[in-house]
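Below, each chain spelled out in residue letters.
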Amino acid sequence: MSAEHRQIPLILQHEPGFTRDDLVVTGSNRAAVDLIDRWPDWPSPVALLVGPAGAGKTHLAAIWRSQNDAAILDPHNIDAQSLEIAAQRPVLIDDIGAEDFDETGLFHLINTIRQTAGSCENGQSQASLLMTSQLQPSQWNVSLPDLISRLKAVTIVDISEPDDYLLSTVIYKLFADRQVSVDPAVISYIVSRVERSLDSVIVLVDLLDHMALQQKSRITKALATQAFQAMANALPESSSED
């Protein structure tokens, strides 16, 4: 078994994460970052980030959650306890809409958020719901008419797949965090071939760092080619991350 294949299981255990200070803002995510930064001054107390897998929705939601002490709710089970939590602190539902979820629970959750926000004396409440999805609400399999009506009032912000500038800046930062210097031409080579996904970039940089240490080599285009091949051989063709 080759060195890069031996490293893959270790690499895939890496948990990506960015703080707000580390966040790179470009045209692909600017509107979403603005939404995160403006909280709780939102157009409505319920907001939704929509974009493809790997665009960074979960990373942005995690930053929002960390900054605001938000609670994570299960979209499949939005019960009375969930509503109690939502009346007291911001809440987050990550990756909703791709499969069936608790429609009645979400309807009551949105109502709870709106009622709590509306009853705030100073006009600015922390009662908020942030959701992320790969699909627009009109594409969700929703059968409850009242929920369809509520979803039409949600603030929706689109986030596109990472652009070249975002990918290259993140790659530079990840290598710098490891005190590894990489030629700009190699970065450009990686950006031109890597999957348009922040998670894929994180995995690739981690793998390249391990391979370079193991082979006592600089990170070159040839090494990057080996890493791409190792990832292609190790990952299921249908896999995608966010």
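Reading the values: the criteria
- Residue positions are counted from 1 within each chain, in the order its sequence is given.
- This being a predicted model, a pLDDT of at least 70 is required before a residue's local features are given, and a value of 80 or more before pairs of side-chain atoms are given or counted; all residues contribute to the totals for chains, interfaces and linings.
- Only heavy atoms go into the side-chain values, all of them from the structure, while hydrogens and water stay out.
- Under the DSSP-based scheme used, a helix requires at least four consecutive residues in state H or I and a strand at least two consecutive residues in state E, with every element numbered from the N terminus.
- For each residue, the accessible area found with a 1.4 Å probe, counting protein chains only, is set against the maximum for its type, and the residue is called buried under 20%, exposed over 50%, and partly exposed in between.
- Two residues form a contact once any of their heavy atoms are found within 4.5 Å.
- For this analysis, a salt bridge means a side-chain nitrogen from Lys or Arg found within 4 Å of a carboxyl oxygen belonging to Asp or Glu.
- To estimate how far a helix should extend, the number of its residues minus one is multiplied by 1.5 Å.
- The criterion for strand pairing is that DSSP finds at least two bridges linking the strands in question.

- The chain is annotated in an unreviewed UniProt entry as Regulatory inactivation of DnaA Hda protein of Pseudochrobactrum asaccharolyticum.

1. Some thoughts on the side chain of Asn29
Then, in step 1: Following the sequence through the fold, Asn29 ends up in the loop between α1 (3–11) and α2 (30–38).
Then, in step 2: On the accessibility criterion, Asn29 (5% relative accessible area) is buried.
Then, in step 3: If sequence neighbours within four positions are ignored, Asn29 has contacts with Val24, Ile159 and Leu166.

2. Section: the environment of Val180
Then, in step 1: Tracing the chain through its elements places Val180 in the loop between α7 (164–177) and α8 (184–193).
Then, in step 2: Between the alpha carbons of Val180 and Arg218 there is a distance of 9.0 Å; along the sequence they are 38 residues apart.

3. Observations regarding the pattern of salt bridges
Then, in step 1: One pass over the structure, following the stated rule, counts seven salt bridges.
Then, in step 2: Between Arg89 and Asp69 there is a salt bridge; the shortest N-O distance is 3.2 Å. A residue pair is termed long-range when its members are at least 10 positions apart, and Arg89 in the loop between α4 (80–86) and β3 (91–93) and Asp69 in the loop between α3 (57–68) and β2 (71–72) qualify at 20 residues.
Then, in step 3: Overall, the relative accessible area of 52% leaves Asp69 in the exposed class.
Then, in step 4: With a closest N to O distance of 2.5 Å, Asp164 and Arg196 form a salt bridge. Of this pair, Asp164 sits in helix α7 while Arg196 sits in the loop between α8 and α9 (198–215); the two residues are 32 residues apart in sequence, bridging distant segments of the chain.
Then, in step 5: Residue classification places Asp164 among the partly exposed positions, given a relative accessible area of 44%.
Then, in step 6: On the accessibility criterion, Arg196 (23% relative accessible area) is partly exposed.
Then, in step 7: A single salt-bridge network, built from bridges that share partners, covers Arg178, Asp206 and Asp209.

4. Side note on α7
Each full turn of the α-helix corresponds to 3.6 residues, which orients residues three or four apart in the same direction.
Then, in step 1: When the terminal C-alpha atoms of α7 are compared, their 20 Å separation across 14 residues agrees well with the 20 Å that a helix rising 1.5 Å per residue should span.
Then, in step 2: When we look at burial in α7, the residues that qualify are Leu166, Leu167, Ser168, Val170, Ile171, Leu174 and Phe175.
Then, in step 3: Next to the buried residues of α7 lie α8 and α9.
Then, in step 4: Among the residues trailing α7, Gln179 stands out with phi positive, at a value near 55°.

5. Things to note about the pairing of strand β4 (residues 129–133)
Then, in step 1: Burial of β4 is extensive: five of the five residues sit out of reach of the surface.
Then, in step 2: Here β4 shows no split at all, with Leu129, Met131 and Ser133 on one side and Leu130 and Thr132 on the other all buried.
Then, in step 3: Bridging between β3 and β4 involves three bridges; their strand directions are parallel. Opposite Val91, over in β4, you have Leu129 as the bridge partner.

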